[in-house]
Every structure is written in C-alpha cells, then in structure tokens.
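Structural overview for review
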Amino acid sequence: MANATLEFGEWPLERLMTEVCGSGPKSAEDLTREQATEAFERILADEPDPTTLGAFWLANRWKKNTPEELAAFTDVMCERVDYAEPDADPVDCGANYDGKGDTAILGAAAGIVAAAAGTPVVAHSGDRVPTQKQDAYKHVLDELGVATELTPRDSAAMVDETGFGFYYEPAFNPAIDDLHDRRERMGVRTFVNTIETLANPAGADVHLGSFYHLAFAKKICDTFATSRFHDLDRVIMFQGMEGYDDIRPGYTKVAEWNAAADDATDADDGPTFTDYEIETAEYGMDFETDDLAVDDVAADSAAITEAVLEGDRTDRFADAIALNAAFRIYARDDVETLADGLTAAREAIDDGSAAAVLEELRAF
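Here is a short report on the structure shown in this document. Residue numbering note: each chain is counted from 1, following its sequence as written. Whole-chain, interface and lining totals are the exception, using all residues; otherwise, since this is a predicted model, local features are given only for residues with pLDDT of at least 70 and side-chain atom pairs are given and counted only at 80 or more. In computing side-chain values, all of the structure's heavy atoms are included and hydrogens and water are not.

1. Concerning the side chain of Ser301
Strands are runs of DSSP state E lasting at least two residues, helices are runs of H or I lasting at least four, and both sets are numbered from the N terminus onward. As for its position among the elements, Ser301 is in helix H13 (residues 297–309). Any residue under 20% of the maximum accessible area for its type is buried, any over 50% is exposed, and the rest in between are partly exposed; the area is computed with a 1.4 Å probe on protein chains only. Judged by its relative accessible area of 1%, Ser301 falls in the buried class. Those residues in contact with Ser301 that sit more than four places away from it in its chain are Ala104, Ile105, Val140 and Asp296. In what follows, residue pairs with any heavy atoms lying within 4.5 Å of each other are defined as contacts.

2. Concerning the pattern of salt bridges
Salt bridge, as applied in this entry: a Lys or Arg side-chain nitrogen positioned within 4 Å of an Asp or Glu carboxyl oxygen. This structure, assessed with the given rule, holds 26 salt bridges. One salt bridge in this structure joins Lys138 and Asp142, with 2.7 Å as the shortest N-O distance. Of this pair, Lys138 and Asp142 both sit in helix H6 (residues 137–144), four residues apart, which is roughly one turn of the helix. Asp245 is the partner of Arg328 in a salt bridge, and the nearest nitrogen-oxygen pair spans 3.5 Å. Separated by 83 residues along the polypeptide, Arg328 in helix H14 (residues 316–331) and Asp245 in the loop between strand S5 (234–239) and strand S6 (251–258) bring together distant segments of the chain. Arg328 gets classed as buried once you look at its relative accessible area, which sits at 0%.

3. Topic: the layout of surface pockets
Taken as a whole, the largest pocket spans an internal volume of roughly 870 Å³. At the level of elements, helix H3 (50–63), helix H11 (191–195), strand S4 (206–211) and helix H12 (214–226) are the ones that each hand at least two residues to the lining of the largest pocket. In this analysis the probe radius is 1.4 Å and the grid spacing 1 Å, with only protein atoms considered; a cavity is a set of points the probe fits into but cannot get out of, a pocket is an open set with protein on both sides within 12 Å along at least five of seven lines, and lining residues have an atom within 4 Å of a point. Grid points are joined across faces, edges and corners, and a volume is the space filled by probe spheres set on the points. Estimated volume of the second largest pocket: approximately 150 Å³. What lines the second largest pocket is simply Val308, Leu309, Glu310, Gly311, Arg313, Thr314, Ala318, Asp319, Ala322, Arg346, Ile349 and Asp350. Listing elements by their share of the lining of the second largest pocket, those giving two or more residues are H13, H14 and helix H15 (338–350). Classification used: nonpolar for Ala, Val, Leu, Ile, Met, Phe, Trp, Tyr, Cys and Pro, charged for Asp, Glu, Lys and Arg, polar for all others including Gly. Taken together, the residues of the lining of the second largest pocket sort by class into five nonpolar, two polar and five charged.

4. A look at the pairing of S6
Across the eight residues that make up S6, a large majority, six, are buried. A strand pair is defined by DSSP finding two or more bridges across the two strands. Of the strand pairs in this sheet, S5 and S6 are connected by five bridges, and their pairing is antiparallel. Residue pairing across strands places Ile236 opposite Glu256, the latter belonging to S6. Pairing geometry for S6 and strand S7 (residues 272–279), over eight bridges, is antiparallel. The residue bridging Thr252 from the neighbouring strand is Ile278, located in S7.

5. Some remarks on the environment of Ala339
Summarising the element assignment, Ala339 is placed in helix H15. A residue is classified by how much of its surface remains accessible, and Ala339, at 39% relative accessible area, is partly exposed. With 155 residues separating them along the chain, Ala339 and Glu184 place their C-alpha atoms 42 Å apart.

6. Regarding the state of the cysteines
Note on terminology: disulfide denotes any pair of cysteine sulfur atoms within 2.5 Å. One pass over the full model with this rule turns up zero disulfides. Among the cysteines around Cys93, which has no disulfide bond, Cys221 carries the closest sulfur, lying 14 Å off.

7. Thoughts on the packing of helix H5 (residues 107–116) against helix H16 (residues 353–363)
Each axis is a line fitted through C-alpha atoms, and for a helix only the stretch in contact is used; angles between axes span 0 to 180 degrees, taken between their N-to-C directions. One can describe the packing of H5 onto H16 by two numbers: an axis separation of 8 Å at closest approach and a directional angle of 110°. Taken as axis vectors, H5 and H16 run roughly perpendicular relative to one another. Note on packing geometry: the crossing formed by H5 with H16 is right-handed. Mapping the contact onto sequence places Ile112, Val113, Ala115 and Ala116 in H5 and Ser353, Ala354, Val357, Leu358 and Leu361 in H16. We call two directions roughly parallel when the angle between them is under 35 degrees, roughly antiparallel when it is over 145, roughly perpendicular when it lies between 65 and 115, and oblique otherwise. When the near helix sits turned anticlockwise from the far one by under a right angle, the crossing is termed left-handed; a clockwise turn instead gives a right-handed crossing.

8. Points about the environment of Val297
Looking at the secondary structure, you find Val297 in helix H13. Residue classification places Val297 among the buried residues on the basis of a relative accessible area of 4%. As for Val297 and Ala157, which are separated by 140 residues in sequence, their C-alpha atoms are 28 Å apart. Residue contacts for Val297: discarding those within four places in its chain leaves Lys100, Gly101, Asp102, Thr103, Ile105 and Asp135.

9. Concerning the sheet that holds strand S3 (residues 164–168)
Pairing is mixed across the open sheet formed by seven strands, whose spatial order is S3-S2-S1-S4-S5-S6-S7. Either end of the sheet is taken by a strand with one partner, and the two such strands are S3 and S7. Averaged over all pairs of adjacent strands, the angle between strand axes in this sheet comes to 20°, irrespective of strand direction. By the bridge criterion, six bridges tie S4 to S5 in an arrangement that is parallel. Its bridge partner lying in S5, Val206 is registered against Arg234. Along the sheet, H5 makes contact with strand S2 (121–125) and S3, crossing S3 at roughly 140°. The strands touched by H6 are strand S1 (91–93), S2 and S3; relative to S3, the strand with the most contacts, the crossing angle is about 120°.

10. A closer look at the pairing of S2
Among the five residues of S2, five are classified as buried, and the element is accordingly described as predominantly covered. Here S2 shows two buried faces, one formed by Val121, Ala123 and Ser125 and the other by Val122 and His124. Note that S1 and S2 share three bridges and pair parallel. Bridge assignment links Val91 to a residue of S2, and that residue is Val121. Crossover connection from S1 via H5 to parallel S2: handedness right-handed. In terms of strand pairing, S2 meets S3 through five bridges, oriented parallel. Paired with Val122 across the bridge in S3 is Gly165. Call a crossover right-handed when, viewed with both strands pointing away from you, the route from the first strand across the helix to the second goes clockwise.

In structure tokens form, the structure reads like this:
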C-alpha cells in the first residue's frame, strides 16, 4: 500500500514497470483492466515523470497490448471525449491520424461519394499527429475548402446537412491532443496511436478501419467488443495503403465483425468474426499501389477528389474512390454486396450527386 496515492490507486507507472510490464518483451506480463485504467488515468492527468512515461509506452510497444488493455485505455479516453451525435446514423472512419506520405488520400472523396449515395459518413483526424506528422483527412479537406476546425456540435450538423462530416481531434478529444508533445518526443508510435482512431466521436454504430496484418483487425474488433463504452453493431476492416483506410490494390484481405449474427434468434447468438480475400481488379481497381502515388499528398489528393467528383477524371483514381466508397456503403448494410455498393457509388458520381455534396460541404 506504500505506493498508493489519494487521487489514484495502488499502481503508479513505476510500480507497473517493476512488477508487471517492464521486464522485457518475452517476460513481461499483461496489465489487468484495473491496472490499465489507472495507468492511463495517470497519464492523462500528467502525473508520471516524463522518463517513466516514455519507458511505460515503450514497454507496452515491446510486449504488445491485449484487447483488454486497449479497451481499458479506450474507455478512459472516451470518458473525456466531447461526443456529438448527428441524427443520421453514420459510418465512423478513423484512419491513422499520423497520416500518409506517398499515396493519395482517397477517404474524403470516398466518404463524399458514399454520402451522395445515401450512406452518411464521419471522418476524424488531428493535425500533424506524431510520429509521422504527415497528411491526414484534415489536410485534404482544408485544400478542398471544407471547414475542419469545428466544434463537435457543428460537425454533427455538417453530417445531418450534407451526409458527410469531419470531427477535429483537438475539439472533441482534447485530453489526447494534450499528449502531442510527449508523443513527439517518443519518436515511435504508442498505443495512443491505436486508441485515438477508436474514439468514434459521432457515436456511430458502424466502424470502418484498416490493418496491415489480419491479427490486428481481430485485436481491434475484440477491443471494441471488450470496451464498456462502445456498443457497435458492426466493424469492417481491410488491408489499407500506408495504414490508412484506403484499400490496397490487388489481392487483399477483408475482416467483418458483427455484434450478432444476421439470423440471431436468442441471447446465445453472440458476435461473429469472419475474414475473406478479394481481388480488387474484380471491382475495377486493376493496377498497383504505386499507381496511386502523388507528389503532394494533401494538394494532389484534393485535386483528384474534385476532378473525380465532377466527372472530369475517370482513371485509376476514380476506380479506387468508387471501391472505397462501396466499402462504406456496404459497411452500413445499405447494400447486400460490395458489388452493389460499387454500382451505387458509380451512379452517385455519374449523376452529379457527389459533386453536389462537395459544394454543400464548401458552403457549410
């Protein structure tokens, strides 16, 4: 009990390092939910010494966090998030906040196309988040002339008025934004890079994300299931380019998690997790990842977005945007198949609906 404090519990980060998680990647133990909760409460209160905090973050990176730990961290974060739920029931898209540096960001265009097809979409990100500090949703939308530094309430109104909305991390998640300098000094990603994408500031029932290895997708789905704050119905994840929620061309994996089976008849029909493989060429994306490379990610992505939505560009970028929009439409169960989602996405571009949504966003 000597290590207890009046404000917290019995587990300062120094003790967790010594007795639980700091002995190395092979011998370290996992934190209990209570330990993880207290640890992150201390971190957000700026209680740990900077050296201890860095060591704790690195120890967790080495040993790899469990869904229970991530759920505890997520729940502590969510208690501090300023939530604003639109009347619409959107798909939540929280791509890696530290951004992309090589290929075009297609999520803004895909979300706008999906919105035009009748599927409301929410995107959220920060501004030059460590460690990569590269281009994210915000920077593409800024280039397009869409307001991004909104209050959460205004973000929710944007969703209801246009079908697409952007939530800005410093506005809805200030506790995480306050960690910016500490994270930058770390020089490597921490579990904060994972959980900030799970904030779900619009309180959506469906989450769309990405992964590099399938095991990560399973971990994220288990994190949502273990969370005491979130109560999602469905999660769709796929292998994304540069860790972003833009699907990787070629042979790729998709993971689906549902809170209950479609034919559930009683309380025993619990969550289901399935994964499968697709060839994006079968959905119009018949090219390589390098074909989506750009010189200036934010500016070029914005120019591509506008040209595709206006119908002035029908090349590989248009094909990629249509498929990414199809995933958002399919994720919300607005169509039965991904192919049906692709048809809806292409129609929204062809009939001018997508361009109209972009203009509405600019006028918001």
